[in-house]
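Next come the chains, spelled out residue by residue.
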Amino acid sequence: MSSPTEKPVALVLSGGGVRAMVFHLGVLRLLAERQALERVRRLSTVSGGSLLVGLILRENAMVWPSSSQFLETIYPKLRQQLCARSLQWGAVRQLLWPWNWRYLFSRANLLALALQYEWGVTAALREVPDQPEWSINGTTAENGKRFRFRHDTLGDYELGYAKPGCFPLSSALAVSAAFPGGFGPLSVATKPFQWKKRPTWDADVRDARQVNVGYRRLHLYDGGVYDNLGLEPFFDAGCGVPKHPDEIIVVFDAGAPLKQGFSMFALNPFRLKRVADIMSDQSRALRVRTFAHFLQQAPLRGAYLYINTSVGGGEPCESAAFAAGFPTTLRRLKPAEFDRLAEHGYRVSLQVESQYGLV
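Quick summary incoming for the structure in this document. (Residues numbered from 1 in each chain as written. Predicted model: local features only at pLDDT ≥ 70, side-chain atom pairs only at ≥ 80, totals over all residues. Heavy atoms only, no water.)

**Brief notes about the packing of helix α1 (residues 17–33) against helix α2 (residues 48–59)**
Under the convention used in this document: Angles shown run from 0 to 180 degrees and are taken between the N-to-C directions of axes, each axis being a line fitted to C-alpha atoms and, for helices, limited to the stretch in contact. We count a stretch as a helix when DSSP gives it H or I for four or more residues in a row; a strand needs E for two or more, and each element gets its number in order from the N terminus. Here the word oblique covers every angle except those under 35 degrees (roughly parallel), over 145 (roughly antiparallel) and from 65 to 115 (roughly perpendicular). By the definition used in this description, the sense in which the near helix is turned from the far one sets the handedness, with an anticlockwise turn below a right angle giving left-handed and a clockwise turn giving right-handed. For this analysis, residues touch if any pair of their heavy atoms sits within 4.5 Å. Only Asp, Glu, Lys and Arg are considered charged in this grouping, and only Ala, Val, Leu, Ile, Met, Phe, Trp, Tyr, Cys and Pro are considered nonpolar; every other residue, Gly among them, is considered polar.
Direction vectors running N to C along α1 and α2 enclose 55°, while the axes themselves pass 8 Å from each other. In terms of orientation, α1 and α2 fall into the oblique class. As for the relative orientation of α1 and α2, their crossing is right-handed in sense. Contact with α1, carried on its side by Gly17, Met21, His24, Leu25 and Leu28, involves Gly48, Gly49, Leu51, Leu52, Leu55 and Ile56 of α2 and no other residues of that element. Of the residues contributing to the contact of α1 with α2, the split by class is 7 nonpolar, 4 polar and no charged.

Below, the structure written as structure tokens:
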């Protein structure tokens with residue numbers, strides 16, 4: 001959208017399954033109408049946000065699209081595909097081949113196969129363009145840190161980083177399906193990679209030394225376990241400042257709001273899940289509050305677009321209730337569902353633009 005300074009933009013695309021994918025498409029549609037996609041310098045994505053960017057790149061020969069390409073080709077094609085095919089049933093179909101039965105409890109591996117063989121995501125991670133710089137975020141089960149996939153590296157700051165080699169983009173995207181709750185994480189063998197780590201946090205990357213990560217395999221969960229916003233690569237929450245001061249940070253948050261209520265049935269198996277949801281909601285709220293405080297102190301330095309935002313001046317807002325209440329799933333959408341979700345993202349963007357002059 002519009003900005004008097006025409007600064008480069010860093011986009012943060014949250015998780016939330018297909019709900020997030022389509023909400024984000026609605027926001028991107030308005031960005032494209034404002035000729036702003038050409039200004040995108042960095043991307044940070046989680047879960048559904050990662051899947052969306054992967055499909056956008058696949059549809060455009062592994063090149064970030066121009067605003068006109070997005071409006072004329074990418075948006076209508078992804079609408080057609082997401083309304084015709086199911087990502088989650090594509091993963092289930094991989095079990096038709098007996099050699100994939102070993103992945104019966106690993107949704108991430110099955111989704112990786114579906115992305116590769118049904119959705120045409122056949123590129124290696126190293127084939128991702130270097131501009132805009134894209135960080136795909138996961139969570140390392142072994143140490144609880146943010147695991148980052150980029151075109152030139154993969155790893156986390158505690159274990160170290162390695163060049164991706166032939167690591168499939170589909171596998172990096174499939175980490176989005178590895179949310180705890182009966183489904184295993186994506187398992188990555190460490191031996192094929194040469195891991196390096198800087199001796200100190202502020203040391204030059206050229207001083208990195210080869211290290212032994214200490215694990216034969218790493219187990220990677222959805223980045224939403226660590227940070228469902230994906231804000232950390234661009235924003236230092238501890239100091240309340242952006243890591244790249246010359247860039248505008250725009251956050252697309254399609255995370256579902258915490259539902260109200262609690263079952264008092266003593267043997268209810270979902271009690272532990274409720275506790276986990278509360279902890280996750282509070283962790284996300286702390287990140288949002290810090291970023292919101294930054295925006296209050298530094299107008300025109302960024303924007304925060306939340307799926308549960310009322311639009312059109314009405315309370316309660318049917319558009320927000322539908323979008324925010326849509327389940328976190330990867331199923332096929334009905335065209336009417338797609339259009340309602342995308343339109344809500346578009347209208348939230350318009351409202352933020354009209355109120356603050358910037359998205």
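**Observations regarding the pairing of strand β13 (residues 248–253)**
Selection criterion: For every residue, the accessible area (1.4 Å probe, protein chains only) is compared with the maximum for its type, and the residue is labelled buried under 20%, exposed over 50%, or partly exposed between those bounds. When DSSP finds two or more bridges between two strands, those strands count as paired.
Judged by how many residues are buried, β13 sits mostly within the fold: 6 of 6 residues are covered. Neither face of β13 is exposed, since Ile248, Val250 and Phe252 on one face and Ile249, Val251 and Asp253 on the opposite face are all buried. Looking at chain direction, β13 and strand β14 (residues 302–306) are connected through 5 bridges and run parallel. If you follow Val251 over to β14, its bridge partner there is Tyr304.

**Some words on the pattern of salt bridges**
Selection rule: Here, a salt bridge means any Lys or Arg side-chain nitrogen found within 4 Å of an Asp or Glu carboxyl oxygen.
Counted by the stated rule, this structure contains 20 salt bridges. Among the salt bridges present, the one from Asp246 reaches Arg41, with a minimum N-O distance of 2.8 Å. Placement of the pair is Asp246 in the loop between β12 (241–242) and β13 and Arg41 in strand β2 (residues 40–46), with a sequence separation of 205 residues. Of the residues examined, Arg41 reaches a relative accessible area of 29% and is grouped as partly exposed.

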